[in-house]
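Structural description and commentary
The lines below spell out each chain.
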Amino acid sequence: MIRTGTANRKGTQRSARAVYRIWQRRGIMVRPEPREGLVKVYLETMGCQMNRLDSELVAGALRAAGHELVDSPARAEVLLYNTCSVRHHAEQKAHSRLADQCRRKAASKRRMIIGVLGCMAQREGQALLERYPQLDIVCGPGQLQALAGLITNIADGLREQAAVLDQPRGLRTRCDEEPFDEMDLARDPALTTGPVQAFVRVGRGCDRFCAYCVVPYVRGMQLNRDPARIVEEVRRLVDAGRTEITLLGQTVSAYRWRSGTLTVRFADLLERVSGVAGLRRLRFITSHPADFGLEVLEAMAGLPNVCPYLHLPAQSGSDAVLKRMRRGYTRAQYDELVERAGTIVPGIVLAGDFIVGFPGETEEDHQASADLIRRSGYKNSFIFRYSPRPGTAAAEKLADDVPREVKRRRNSELLAVQAEVGLAHHRRYVGKTVEVLVEGPSPQAGKRKSAGPDTLQLVGRTVGNHIVVFDGRAELAGRYVQVEVVAATPLTLIGSLAASPQQRNRGVAGNEKG
Ligand code: SAM
Ligand code: SF4
């Protein structure tokens, strides 16, 4: 929707800019025209899948506003960094990018706009503008719909610098639950994670306030989307050829939508979304063990297109640490959930998250985490060294007393245990044929000698989210193929294309259309 002007009640013509500002105050999405010479945008994403989705939505909105996305900062006039605050290291990376680009801008005569988006923008806010005088925009993750307009205003000289942030969490209430998902519904289906994959968020924010975590402070409390709007977005994506959808939420299993006397829980949402015709695989991340109802496992078992994969971060295997982390469950409850998951959804594949070196973590606590990895048999785990985040309960109240080298050692030890467990897990698939959704050339494709003139190493995923590499033609990207697994590593299945029955009849292997 590009508008250039309109008449007010008195019949006088308002300028496009005045109309734009009125719409913006009312929170209406507008598509301002980019200013000449500030068309090329470089957008870099750091952090989690939620940031990747935010960037896709931003990229779609900027393209709709006439901007062109480019893949190198040197070619861009607008530089945007979508940042992460979960660990100190992630913020350091963003600061180093900003410092470099601000120096470049100061030394150059070219007009440039530099913006920081996402969690670090929300956490550091105005202070970023003070620290980097060349920085133009600071835009929190809840305000991304304003970004295209901010760029236009700065390009037009209407503003010098702008910080657009959510209110501090204490001021936000449930009444804020007006739709915040215009960008999601207006998204460009061509801009998604993979050739046929897309992320769809079920809501934003998190209310759990785990002692170490900055997410509730930067993304606000959990707000859920209307299920009808989620289903509508999925339907549009599937109509545009996306066949694998991943529902995203910080604690996706805590999803609830109340309308009159009706409550839609996460299991109900899964059922509604899985019914979208043409949707072949439905995934969801991340689940929280404390609010994960067994009805979700039952939905997974009963709905054929819901993938049997569960990312269930434990964070620690020790009750004492879990308590200090304020995770809201015990080790025994976690173990029981894992056991129920295996019984209700046979063959379910689990993935975990662990933090090593949380304040007060002893060797015994650490061994309890190693034991939990062995017992749960995860396909993979994400293992992080504790990083104190300013403002969180742990950073304010607990001394960061596990020395850096101890954190490093514990990190390597858990990685080694996970590697053993991951190898045993992946070996179970050797000799089997699995369905793989092909993502494209593997990161190794360019470095390996190819198996034939038109083939290269491809990578794809099974329903259980296993990474599979095999040789095939590049055109298989986005298709579902059968792969015979011949070997395994701790993180990967290695295979070769197998012929489906139809392909055998036609004399071709592995090019079944998904
Ligand atoms: N909502 C998910 C959950 O509760 O399990 C995880 C979201 S968090 C952004 C992703 C992971 O980052 C967490 O599971 C945790 O392991 C890790 N993480 C979060 N805060 C951290 C911190 N301060 N230091 C180290 N790792 C951290
Ligand atoms: Fe952070 Fe805990 Fe919320 Fe996950 S559940 S986002 S770790 S506060």
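Below, the structure is looked at part by part. (Residues numbered from 1 in each chain as written. Chains lettered and ligands numbered in written order. Predicted model: local features only at pLDDT ≥ 70, side-chain atom pairs only at ≥ 80, totals over all residues. Heavy atoms only, no water.)

**Concerning the overall build of the protein**
Looking only at helices and strands, the protein features 17 helices and 23 strands. For the protein, the proportion of its 514 residues judged to be buried stands at 54%. Contacts spanning at least 24 positions in sequence make up 72% of the contacts within the protein whose residues lie at least 6 apart. Surface accessibility of the protein: about 22,800 Å² in total, with carbon and sulfur atoms responsible for 50%. (Helix = DSSP H or I, 4+ residues; strand = E, 2+ residues; numbered from the N terminus. Buried < 20%, exposed > 50% of the residue type's maximum accessible area, 1.4 Å probe, protein only. Contact = heavy atoms within 4.5 Å. Areas by Shrake-Rupley, 256 points an atom, 1.4 Å probe, with all protein chains shown as cover.)

**Topic: the side chain of Q418**
For Q418, the position within the fold is in helix α16 (residues 404-427). Among the polar contacts made by the side chain of Q418, one reaches the side chain of S381 at a distance of 2.8 Å. When near neighbours in sequence (up to four residues on either side) are disregarded, Q418 contacts I373, Y378, K379, N380, S381 and I383. (Polar contact = N/O pair within 3.5 Å; in protein donor to acceptor, adjacent residues only side chain to side chain.)

**Observations regarding the site of ligand 2**
By nearness alone, every residue bordering ligand 2 is listed as C206, R208, F209, C210, Y212, C213, V215, P216, Q250, T251, H288 and R327. Classifying every residue of the shell around ligand 2 gives 7 nonpolar, 3 polar and 2 charged. (Near = heavy atom within 4 Å. Nonpolar A, V, L, I, M, F, W, Y, C, P; charged D, E, K, R; others polar.)

**Thoughts on the packing of helix α13 (residues 331-344) against helix α14 (residues 363-376)**
Running from N to C, α13 and α14 point in directions that differ by 15 degrees, and their axes come no closer than 11 Å. Taken together, the axes of α13 and α14 lie roughly parallel to each other. The handedness of the crossing between α13 and α14 is right-handed. Contacts between α13 and α14 involve R331, Y334, D335 and V338 from the first element and A368, D371, L372, R375 and S376 from the second. Grouping the amino acids of the contact of α13 with α14 by side-chain chemistry returns 4 nonpolar, 1 polar and 4 charged. (Axes fitted to C-alpha atoms, helices over the stretch in contact; angles between N-to-C directions. Parallel < 35°, antiparallel > 145°, perpendicular 65-115°, else oblique. Left-handed = near helix turned anticlockwise from the far one by under 90°.)

**As for the sheet that holds strand β19 (residues 433-441)**
Each strand in a sheet pairs with another by means of backbone hydrogen bonds, the pair being arranged parallel or else antiparallel. Here 5 strands make up a closed barrel; going around it, the order is β19-β20-β21-β23-β22 and the pairing mixed. Within this sheet the neighbouring strands show an average axis-to-axis angle of 50 degrees, counted without direction. Bridge count for strand β21 (residues 467-473) against strand β23 (residues 492-498) is 3 bridges, and the pairing is parallel. Note that in β23 the partner of V468 across the bridge is L493. (Pairing = 2+ DSSP bridges.)

**A closer look at the packing of helix α10 (residues 266-274) against helix α11 (residues 294-302)**
It is at 8 Å that the axes of α10 and α11 come closest, and there the two elements cross at 20 degrees. In this view, α10 runs roughly parallel relative to α11, as classed from their interaxial angle. Here the hand of the crossing between α10 and α11 comes out right-handed. Together, F266, A267 and L270 of α10 and E295, V296 and A299 of α11 make up the contact between the two elements.

**Brief notes about the nonpolar core**
Residues I245, L247, F266, L270, V273, F284 and L297 are the most contacted members of the largest nonpolar core, which totals 52 residues. When residues no more than four places from it in sequence are discounted, the contact partners of L247 are V200, V202, I230, V252, F266, L269, L270, V273, L282, R283, F284 and I285. Counting 45 residues, the second largest nonpolar core, distinct from the first, contains A59, L147, A162 and V485. (Core = buried A, V, L, I, M, F, W, Y, C linked by side-chain atoms within 4.5 Å.)

**Looking at the pairing of strand β6 (residues 113-118)**
With respect to burial, β6 is a largely interior element, 6 of its 6 residues being buried. As paired strands, strand β5 (residues 78-83) and β6 are joined by 6 bridges and run parallel to one another. Bridge pairing links V78 to I113 in β6. A crossover links β5 with its parallel partner β6, the connecting element being helix α3 (residues 88-107), and its sense is right-handed. When β6 meets strand β7 (residues 137-139), the two strands line up parallel, connected through 3 bridges. Paired with L117 across the bridge in β7 is C139. (Right-handed = clockwise from strand over helix to strand, strands pointing away.)

**Observations concerning the environment of R410**
In this fold, R410 is placed in helix α16. In this structure, the C-alpha to C-alpha distance between R410 and V356, residues 54 residues apart in sequence, is 6.4 Å. Once residues lying within four places of it in the same chain are set aside, the contact partners of R410 are V356, E361, T362, E363, H366 and V402. A polar contact of 2.9 Å, which involves the side chain of R410, links it to the side chain of E361.

**Some details on unusual backbone geometry**
With an omega dihedral of -5 degrees, the bond running from I285 to T286 counts as a cis peptide bond. A positive phi angle is found at R326, which is not glycine, with a value near 60 degrees. Looking at where R326 falls in the secondary structure, it is placed in the loop between α12 (319-325) and α13. The phi dihedral of N465 is positive, around 70 degrees, even though this residue is not glycine. As for its position among the elements, N465 is in the loop between β20 (455-461) and β21.

**A short note on the packing of aromatic side chains**
Within the structure shown, the criterion is met by 7 aromatic pairs. Between the aromatic rings of Y42 and Y81, the centroid separation amounts to 6.3 Å while the plane-to-plane angle is 70 degrees, which identifies the pairing as edge-to-face. Of this pair, Y42 sits in strand β3 (residues 40-45) while Y81 is found in strand β5, placing the two residues 39 residues apart along the sequence. For the pair Y42 and Y81, a shared accessibility class is recorded, and that class is buried. Put simply, the rings of Y212, F358 and Y386 pair up and form one aromatic cluster. Stacked on the ring of Y480, the Lys or Arg R280 has its end atom at 3.9 Å from the ring centre. (Phe/Tyr/Trp six-rings, centres within 6.5 Å; stacked < 30°, edge-to-face > 60°. Lys NZ or Arg CZ within 6 Å of the ring centre and 35° of its normal.)

**Thoughts on the site of ligand 1**
Lining the immediate environment of ligand 1, one finds 17 residues, of which Q250, P313, Q315, D353 and S387 sit closest. Measuring from a nitrogen atom of ligand 1, one finds a backbone N or O atom of Y212 at 3.0 Å. Take R327: an N or O atom from its side chain is 3.1 Å from an oxygen atom of ligand 1. Here ligand 1 loses 92% of its free accessible area of 550 Å² to cover by the protein chains. Secondary-structure elements contributing two or more residues to the shell around ligand 1 are β17 (349-356) and β18 (380-385). Looking at the shell around ligand 1 residue by residue, the classes come out as 7 nonpolar, 5 polar and 5 charged.

These results come straight from atomic positions and should not be treated as a statement about function.
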